[in-house]
Structure formats: C-alpha cells, structure tokens
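# Residue-level structure breakdown
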Amino acid sequence: MDIFFKNSWAYASVILSLIVILPILIIFFFLFYSGNDTWMHLKETVLASYAINSFILLIFSGIGTLLLGTVTAWIVVMYIFPLKKYLEWLLVLPLAIPSYALAYVYSDLLDYGGFLTILFSLIMFTEINTINFYSIYGAIFVFIFSLYPYVYLLARQAFIAQSGTYIEVAKVSGLNIFSVFYKVAIPLARPALIGGVILVIMETLADFGVADYLGIETFTKGIYKAWFNLGDIVSAGKLSIILLITISLIISLEKIMRGKSEFTNDTRIFRNFKFKKLNKFLGIIALIICSIPIFIGFIIPFITLVNWSLNSIDNVNIYNFLNLVLSSFTLAFIASIICIVFAIIIVYGVRTNEKIASPFARLASLGYSIPGAVAAVGVLIPLAWLDNFINGISLMYFNTSLGLILTGSWFALLFAYLVRFLALSMNSVESSFIKIPKSLDYVAKVLGSSDSKILTKVNARIGFGGISLGLLIVFVDVLKELPATMILRPFGLNTLAVKAHEYAIDERLGDASIPLLAIIVVCLLPLFILAKGIK
Amino acid sequence: MKNNLKITNLSHKYKNGKSINNFNLEINSNEVVCILGPSGSGKTTLLRLIAGFEDPINGEIKVGNNVVFGSKYVPTEKRAIGMLFQDIALFPHLSVKDNIGFSLTKNNKYISTIKKLLKKIGLEGYEDRFSSSMSGGEQQRIALARALANKPNVMLLDEPFGSLDSSSKYDIALDIIKILKKSKTPTIMVSHDPQEAMRLADRIIVMLDGYIIDQGTPEDLYANSRHPFSAKLIGPTSSFIFKARNGILYTPFGKINVSSSKGISYEVIIRPEAFTFSKNSKKAFTIKILKYKYLGLLTELEISAHKGNKTTKFFIFSNILDKVLPNKKLIFNKEWAFVFPIK
C-alpha cells in the first residue's frame, strides 16, 4: 500500500491526463460511425471544397511564413544594421494581433475608399476601386503576416545555436553568403523551421475567425456550421475526425523527417557567429525587409484599430463593455488556473514517476494541435450523453426535465479550453521544472519531505516564473479563442473575441475595434516578457 | 538506537538488463565504506535503493533497528537518511539558514540548532548567505549540515567531491568525513576514483556489473587483491598472461607455482613493490634493459624476455632506477604478484 502511495502523484497525473484525452478519443469513434443523410449531403456538396480550401491555405501559409520567418531571422542573426536590436523583438509583435483582426483591418483598408486602395491608386497612377480581400488569397495574406513569428522565433533560435565553426568551414570552402545560407544554415536549422511551419499549419487549420469573415469554406468552419446551422453532431464529428487525422499525419510526417536526420551542434567548441556589419545601402535594405512584416502584421492594423476605436468611442456603452471585459477576463482567468493546476499535477506526476505518467502526459499535451472546434465537439458529445442520462433519471424518478445542465454551461466551455490549451501550460511548467535538478527533490525527500511538500516548497517556488508564464499564455489564448467559445458558450455569455467577431460580421468594424484592442493590449504582456528574453 | 546499516541479499534489475545481484553489506557506526567501481557497475543504483528512490526486487534493508525494505516498506522521507550529491543540490531559493533548517520544525530551538551545525562545519555567520555566493567547498559543507540536521541513521555520499577543485578536494573531503565519524553516522560513499576511496574510506567494496568482486580495508585490497579488475583499479600494476606448464608459470622474473593442471592460462598482475634491488642478493636476476620511461613515482622498463625475441614491459619504483640501470639486476618478490586463472 505504501508503494501505491509512493506513486500517488504519478497516478493523479494519469487520471488528469485521461480526463483531457477522453474528448480526443471520442472524436475517433466517428471513424466507425456510419454517416447520416446530412453527412452524405455534406460529403457530396461541400466536403471537397473544405478539403481543397484547407489544403491551399495550409500549403501557401506554410510556404509564405517559412520564407518570411527564415529570411528575417537570418538577417537579424547574421548582420549588424540600423535598428537591428529593436527589430529583433519587434518582429514578434504580430503574434499579439489575432489573425481575424488582421482580416477585418485589411478587408476594410483594401475596400472601396479604403486607405490602401487610395494609396495604391496614387502609386500606380490608375484608379483602383477595390481589391477583393474576401478570398482565399486574402486569408493566405492574413495567415502569413500574423503567423510568421512562429517560424521567425524558432529559426532565430536555431541560427543562434549554430556554431560559427560551420559557417567558417563553409566560407573557407569557397561558398558565398547565399550558398552558406541555403547549403549550411538552412539544413542545420531544418527541424526548427519545420517545427515553426507545423505550428503555422496547426493555427491555419484551427482558424475559424478568418475563414468565417472572409467567407472561405474550411473544415473548422464546416464543423461549426454542421453543429450550429444543421444541429448535426454526427457530421461535426465526421469533419472533426478528418481534420484530426490530417493533423496526426502532419505531425507524424514531421517526426519521420526529423527522425531520419540528427541535427546537433557536433563541433567540439561552440563559437558564436561573427556578425557582419552591412554597408549603408545594404543596411537600409535589411531594415526595409525586416520592417515590412512588422508594419503589415502589427503597426498598420494596430493604428487602424486605434483609429476606428477613437471614431466609435462615443458608441460604447461603458457598462456593457466593462461587463464584457469582466466576463472575458473571468473566463480566461478560471481557464488558465484550471490549465495550470492540471499542468502542474501532470508534469510533477511525470517527474515523480516517468514510467507510469509520461505516456499519458504526452497524449494529453497533443491537445494544442487540436482545433478549438474539434475540442468543442469532443467535449460536447460526452456531456450531451451525460445530460441526457441525468435528464432521463430525473424524468423517471421526479417527472421533471432538468434540461441541459452541462452542455450549455461554463463547465463545458472550460473543459474545451482545458483540452485545447493544457499543452501550452504544460510546456511552460515542464520547461521550468526541467531546469530544477532532480537531486533537489531527492535531498528534500531524504530530509523527510513528502512529494506534496517537495512540490510546494521546492519545485513550485523555483519554477514560479514558468508557472506564471504558463498562466499568462493560457489567459491570452483563451481571450483570443473563437470557435470553441462560439460552439459551447452558455446562453448570454459573450467574450471580447466573440463580440468583436459578431460586430465584424455585421460590418460594425468600429465597434469591433475596442474589444480587439483590449485583447491586443493583454496579448502584448507575454510578448514583452518574450522580448525581454530576446534582448 | 544502534546506528548501523544492514543489507541482505539485495537484488535489483533495470529494464536494460543491468542489475544488482544478491548484495550483502553491514556497516557499523563510525565506519566509512566506499563502493568503488566503473560507470554502470551498480554503485549509484545501490545508494538509490538504500534511499528508497528505487525499489529492489528482493532482499532486505535495515537502517538502525528498523527494516525499511523487506518485511516492511518505509518510504524515503521516513527512512532518516542523509545524502550528499555531486551537484551539491542546495536549494537556490533558500538562504543557508533555511537550507540547513529544511527538515527542522521552526520552534525556539531552530536558530540555535542551525548555529550549532554551522559551528560544527566551521561556517559560523553564514546564516543569511545564498548558495550562489559561496565556493563549492562551502556549499558542500552546508549540504552536510543540512543532512546532519535531519539526524540521519546513515549517510549516503553520491560522489560528492567530484565537483570540487582538485587543490582543495581532499581537505574538504577529509573534514567532512571527520565530522561524520564524530557524529557516529555510518557512511557509504560511491566513487569511481580509487585515490579518493583509498584516502577516505575505512573499507572499500569493489563492484563490477552489479556484483561485489572484492572488498577489504585499503591496505588489504592493495596487498591482497582477489580479482584482476580490483587489482588493476586500486593501484599501479603490470599485467601478463602465461600458460601453466606442470603447475609452474615461467615468467621473465622467475617461476610462480600454481595449483592447476597443464594448459590453463593465467593472468599475472604485479605491483611495482614486487621489484626491489639488492646488489649482492642471491635472489636477484639479471635483465637486459632495452628502454626505460621515467613517469615520476614509477618508471616503465622494457627488457628483453628470457626466451625468443619478445620484450616485456613493467613498472618499478623510480627510486631504485639509479641502481637498477648500472647493475642490470632486480629482485622479484612473488607476494606482490596476483595470479588469476583465465576462465
């Protein structure tokens, strides 16, 4: 019995992991579920367009972010040029702006009479009435400029970690700087670059806001419509399983590609790059190349949103707005606390007994690759079943219908957030716990501390920074989240993101700008922490 | 309570096939035992089994008068064990005072106990310092005070001196051992460094592939090695392989009698002490020195063997070199030659 209690944290970790894995497993049951009429109809009419559109989006967003993220990372790592030290961290700022906000801004700026339409007319000496942004090209543009920082951050880190020795060997072998870039630096950084692109693809496939606003039929939008417009959980589940399998294939592909080649800094002595100072002309070119994504991805949309909000500030009902902020923040706060508690228990369980807890923890951390809409469907099914069960019992014994207790509740929504965002908090907690030597746990243990005491007195205190960061990251991601919130939110509950999207769909972009700015300001917090690390 | 540690028939198996097999050990208070062996020999695993970080598959561990594994199971935190690690492992977020007092209840004796311990380790006035502002040696002393605060029945040292500067390593190590002996805490240290084991331990246990292959006091192990691995590990040796003929090994230095029948090969491991010099001794044999290499305390001689064109290399102490070179004579003392049949 004592041995069982010795592993109690590991078992707790397994149980919590299973809770999170359950909705994902449920989605897999739809593989074996024969489709109904609605599904057959969807299959015949829109399934192909969902697949084609999603495929085009992920391919072009992937290529675009790969180019933009890699080139900007290479420039800021390799060269010295004006404002480099600011650009290095400014390049991550577009992460603070939700993709859908970028879609609202550019569709307006490129519309009839929009600022950019006028600007292009002046530059090209011809009258341009409108540039159609409501297309798949618009969506690709949005994803490239809002998601390239994922590739940038990982590429930058990979380039910095490369020993200067490799570059020197390449140079004495007669390679010019372009050849060094694509023959040495890129192959060495390949796992990081692929990792960044995979993140971009995940975000693209998970997106609902951009596709919904720009009118593109994608899987995520299909899932939302199947549940919301058609009320058909089977079709939503079937679409979810297709999306899930696609994502699993992408992850497996990345693992296979990574597995075939080992990329380690195998030089005996690590040496930093010797930065090359660019001349004035090339320096300005580098400055322009690195500024473009910051302008398109952050400055232009941010200024536009500020401008819109100033114009529409009089329309704001301060009471309603504060209510919206309060409900959004409360939801995000509770979700982040739940995620961090789960993350701490799961990660600590793995730390106390890796053999028992690790496989389950790995599965639980796959959640982030699962789109919000899929997580919502996964949560919806068991809760709907539970609701029906409770209702059945209530009708049988008390002759009273209780209605939907769980499905339309905060509980359901928080559960979906947990499935989707647990991986983020786990990463954060794990990376801070991993730096704490295991010998500290052993010392505390031989000095008579129980596992709980070791967690609270040692690990949680030393890893407090990581825990706080995990809390903050989940907080901002919940603030931005759209599809799961729209599918599962209780009647009457609005969040800043949902309200902004509703306003945007109604073409009330001015009204949408204020909640969007509130989200962006909060999203900037973790980015400033990240930027501090970069500086 | 009697302070000792008794391990009976302890076995453990890892997934990768490595294991500890039927390990037996008894340590008395005031005794320092060193488990010596190469990486993967099972020495650290043994400490982890005693501490309770891993569970044996069978056997019994008794700390003091209490069985902690076997007929009873006592979790790590209740085993009253002290442990020092190579990475020292002071809690970086706690001051010296709070590190030492980690296992203590904060009552009115808290500060006085910490002060007493600091005095014991010679670091009075360090209460409010943090580990980052101290040297490795100071940190290891604080770690010792922290372990002693828990009044351990047994102390486990997991290569705790490995991270210290070689210049001050033995001073600090000997200080720590002195304190442990004074507190009558039976101590097991693991090490892969024979010098460390010889200097610090009362008894050395040599482990290889999960088995005890030799044990004894440092003097005994040096003079009476019972396994070729421990003979070579514990001090300088020269090693040869000979085939027995009629129960005799014909070495370039003289005959060695063995008890076996014809045809078995033997490994003969010879310490430098085996070679001495005396100009007029009848036991001296003549050598033809081809080369020699001075190595400080030892010198490697290369001589032509008594048969054929073969040469033989072996170590002698350098202090007899100036007599051996002109006289070309050596005396061979068989008691410093260890003979092991090759199975």
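Residues numbered from 1 in each chain as written. Chains lettered and ligands numbered in written order. Predicted model: local features only at pLDDT ≥ 70, side-chain atom pairs only at ≥ 80, totals over all residues. Heavy atoms only, no water.

Moving on to the overall build of chain B. Within chain B one finds nine helices and 21 strands. Along the three orthogonal principal directions, the C-alpha set of chain B runs to about 80 × 45 × 35 Å. Counting the 343 residues in chain B, one finds 53% classified as buried. Once local pairs closer than 6 in sequence are excluded, the contacts in chain B between residues at least 24 apart make up 64%. (Helix = DSSP H or I, 4+ residues; strand = E, 2+ residues; numbered from the N terminus. Buried < 20%, exposed > 50% of the residue type's maximum accessible area, 1.4 Å probe, protein only. Contact = heavy atoms within 4.5 Å.)

Across the boundary between the two partners, chain B contributes 25 residues, which contact 21 residues of chain A. Both sides together, the interface formed by chain B and chain A hides about 2,100 Å², and carbon and sulfur atoms give 67% of it. Area buried by chain B at its contact with chain A is led by Glu 77, His 93 and Phe 102 of chain B, which between them contribute 30% of it. At the boundary of chain B with chain A, the tally comes to one salt bridge. The partner of Glu 77 of chain B in a salt bridge is Lys 445 of chain A, and the shortest N-O contact between them spans 3.4 Å. Put simply, chain B and chain A have five residue pairs in polar contact (both at pLDDT 80 or more) between them. Looking at the side of chain B that touches chain A, the elements with two or more residues in it are α1 (43-51), β6 (81-85) and α4 (136-149) of chain B. For the side of chain B that touches chain A, the element with the most residues is β6 of chain B, which contributes three residues. (Buried area = accessible area lost by both parts, 1.4 Å probe. Salt bridge = Lys/Arg side-chain N within 4 Å of Asp/Glu carboxyl O. Polar contact = N/O pair within 3.5 Å; in protein donor to acceptor, adjacent residues only side chain to side chain.)

Here we take up the side chain of Asn 7 of chain A. All names here are of chain A. Summarising the element assignment, Asn 7 is placed in the loop between α1 (2-6) and α2 (8-29). One polar contact links Asn 7 to Asn 353, side chain to side chain, over a distance of 3.0 Å. The contact partners of Asn 7, leaving out residues within four places of it in the chain, are Asn 353 and Ile 356.

Turning our attention to the pattern of salt bridges. This structure, assessed with the given rule, holds 22 salt bridges over all chains. With its nearest N and O atoms 2.8 Å apart, the salt bridge here joins Arg 203 of chain B to Glu 31 of chain B. Of the two residues, Arg 203 of chain B is situated in strand β9 (residues 203-208) and Glu 31 of chain B in the loop between β2 (19-28) and β3 (32-36); the sequence distance between them amounts to 172 residues. Overlapping salt bridges bring together Glu 217, Lys 221 and Lys 225 of chain A as one network.

Moving on: the pairing of strand β14 (residues 265-270) of chain B. Within a regular beta strand, the side chains point alternately toward one face of the sheet and then the other, so they alternate between its two faces. Residues and elements named next belong to chain B. Most of β14 sits inside the fold, with five of its six residues counted as buried. Relative to β14, strand β11 (residues 238-243) runs antiparallel, the two being bridged by six bridges. Opposite Phe 240, over in β14, you have Val 268 as the bridge partner. (Pairing = 2+ DSSP bridges.)

All right, on to the confidence of the model for chain A then. For chain A, mean pLDDT is 87; residues scoring 70 or higher make up 94% of the total. Of all the helices and strands in chain A, α1 of chain A carries the lowest mean pLDDT, 67, while helix α14 (residues 280-312) of chain A carries the highest, 95. (pLDDT = per-residue confidence, 0-100.)

Residue and element names in this part refer to chain B. Spatially, the four strands line up as an open sheet ordered β2-β1-β4-β5, and their pairing is antiparallel. Because the sheet does not close on itself, it has two edges, and the strands there are β2 and β5 (66-69). Strand-to-strand, the axes of this sheet are offset by a mean angle of 25°, without reference to chain direction. Here strand β1 (residues 4-13) pairs with β2 via seven bridges, running antiparallel. Opposite Lys 6, over in β2, you have Glu 26 as the bridge partner. Here α1 sits on the sheet and contacts β1, β2 and β4 (58-63); the angle it forms with β1, its principal contact strand, is near 115°. (Axes fitted to C-alpha atoms, helices over the stretch in contact; angles between N-to-C directions.)

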